[in-house]
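An overview of the molecular structure
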Amino acid sequence: MWEWILAAAGAILVVGAIGMSIYRGVSTARQVAFDVEVVSIVGSATGFTVTFRVKNTGDATGAAVNIEGKLTKNGTDLESSTSTLSYVPAESEREGGLFFTNDPSQHELQVRVKGYEKP
């Protein structure tokens, strides 16, 4: 008797897992939603490091997430730097760094996600 009850419970779990996988596969398109924030700016003998945090509030994973940082002064581009994060899973965050020779705190700093790939 107990064997039949446990077998039925196992079958229900397996069918439920398969059903959920199929539902997620055919449901509406999943999207990434990136937000970038500067965490810190640290100087060194060779330049400056801007540490940034990328939050993915979407329900899809982004791979090869390309981050670009630009320094401008009075509308003129001074310098740019890029970084690539391997993966930023759904509803998670990752940190990275950008290197500059000019002091980002003395100029206008813009950090943005430039692109990504679907894994």
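Above this note sits the structure.
If you're wondering where the values come from, they're calculated on a predicted model, not measured in any experiment. Within each chain, residue numbers correspond to sequence positions counted from 1 in written order. At least 70 in pLDDT is required for a residue's local features to be given in this predicted model, at least 80 for side-chain atom pairs to be given and counted, and no such filter applies to totals for whole chains, interfaces and linings, which use all residues. Computation of side-chain values covers all heavy atoms of the structure but excludes hydrogens and water.

Side note on the overall build of the chain
This is how it is decided: In DSSP terms, a helix is any run of H or I states spanning at least four residues, a strand is any run of E spanning at least two, and both are numbered starting from the N terminus. For the radius of gyration, the atom set is restricted to C-alpha positions; the globular benchmark scales as 2.2 Å times the number of residues to the power 0.38. The buried label goes to any residue with under 20% of its type's maximum accessible area, the exposed label to any with over 50%, and the partly exposed label to all in between, with areas taken from a 1.4 Å probe on protein chains only.
Helix and strand content of the chain: one helix and six strands. For the chain, the α and β elements follow one another from N to C terminus as α-β-β-β-β-β-β. By the compact-globule yardstick of 14 Å for 119 residues, the chain is too spread out, its C-alpha radius of gyration being 22 Å. In terms of overall dimensions, the chain has C-alpha extents of about 80 × 30 × 15 Å along its principal axes. In the chain, which comprises 119 residues, the share counted as buried stands at 25%.

So, the sheet that holds strand β2 (residues 47–56)
Our working definition: The pairing criterion for strands is at least two bridges between them, as found by DSSP. In this analysis, axes come from line fits to C-alpha atoms, helices being fitted only over the stretch in contact, and the angle between any two N-to-C directions falls in the range 0 to 180 degrees.
Pairing in this open sheet of three strands is antiparallel, and the strands run β1-β2-β5 from one edge to the other. The sheet is open, and its two edges are formed by β1 (34–44) and β5 (92–100), each paired on a single side. On average, each strand axis in the sheet is inclined to that of its neighbour by 20°, with strand direction left out of account. The sheet contact formed by β1 and β2 spans 10 bridges and is antiparallel. Of the residues in β2, the one forming a bridge with S44 is G47.

Focus: the nonpolar core
Soluble globular proteins tend to pack their nonpolar side chains together in the buried interior. Threshold: Nonpolar cores were defined as sets of buried Ala, Val, Leu, Ile, Met, Phe, Trp, Tyr and Cys residues, with membership established by side-chain atoms within 4.5 Å. Pairs of residues are marked as contacts when any of their non-hydrogen atoms sit within 4.5 Å.
Core analysis: the biggest nonpolar cluster contains 14 residues, and F52 and V54 have the highest contact counts within it. If you list the elements that add at least two residues to this core, you get β2, β3 (62–73), β4 (76–88) and β5. Contact partners of V54, with chain neighbours within four places excluded, come to F34, D35, V36, I67, L85, V88, S92, E93 and R94.

Remarks on the environment of F48
Looking at where F48 falls in the secondary structure, it is placed in strand β2. Judged by its relative accessible area of 22%, F48 is partly exposed. Taking the C-alpha atoms as reference points, F48 and Y23, 25 residues apart in sequence, are found 48 Å from one another. Contacts of F48, omitting those with residues within four sequence positions, involve V42, G43, L98, F99, F100, T101, N102, D103 and P104.

Some thoughts on the packing of aromatic side chains
For clarity, the cut-off: Note on ring pairs: Phe, Tyr and Trp rings are taken, using the six-membered ring of Trp, and paired if centres are within 6.5 Å. Classes follow the plane angle, with under 30 degrees stacked, over 60 edge-to-face and the rest tilted.
For the structure shown, the criterion picks out one aromatic pair. Considering the side-chain rings of F34 and Y116, the 5.7 Å spacing of their centres and the 75° angle between planes classify their relative orientation as edge-to-face. Of this pair, F34 sits in strand β1 while Y116 is found in strand β6 (residues 108–117), placing the two residues 82 residues apart along the sequence. For F34, a relative accessible area of 19% puts it in the buried group.

Describing unusual backbone geometry
One non-glycine residue, A64, lies in positive phi territory at about 45°. The phi torsion at N74 lies on the positive side, around 55°, for a residue other than glycine. Among the structural elements, N74 can be located in the loop between β3 and β4.

Everything listed is a geometric property; what it means functionally is a separate question.
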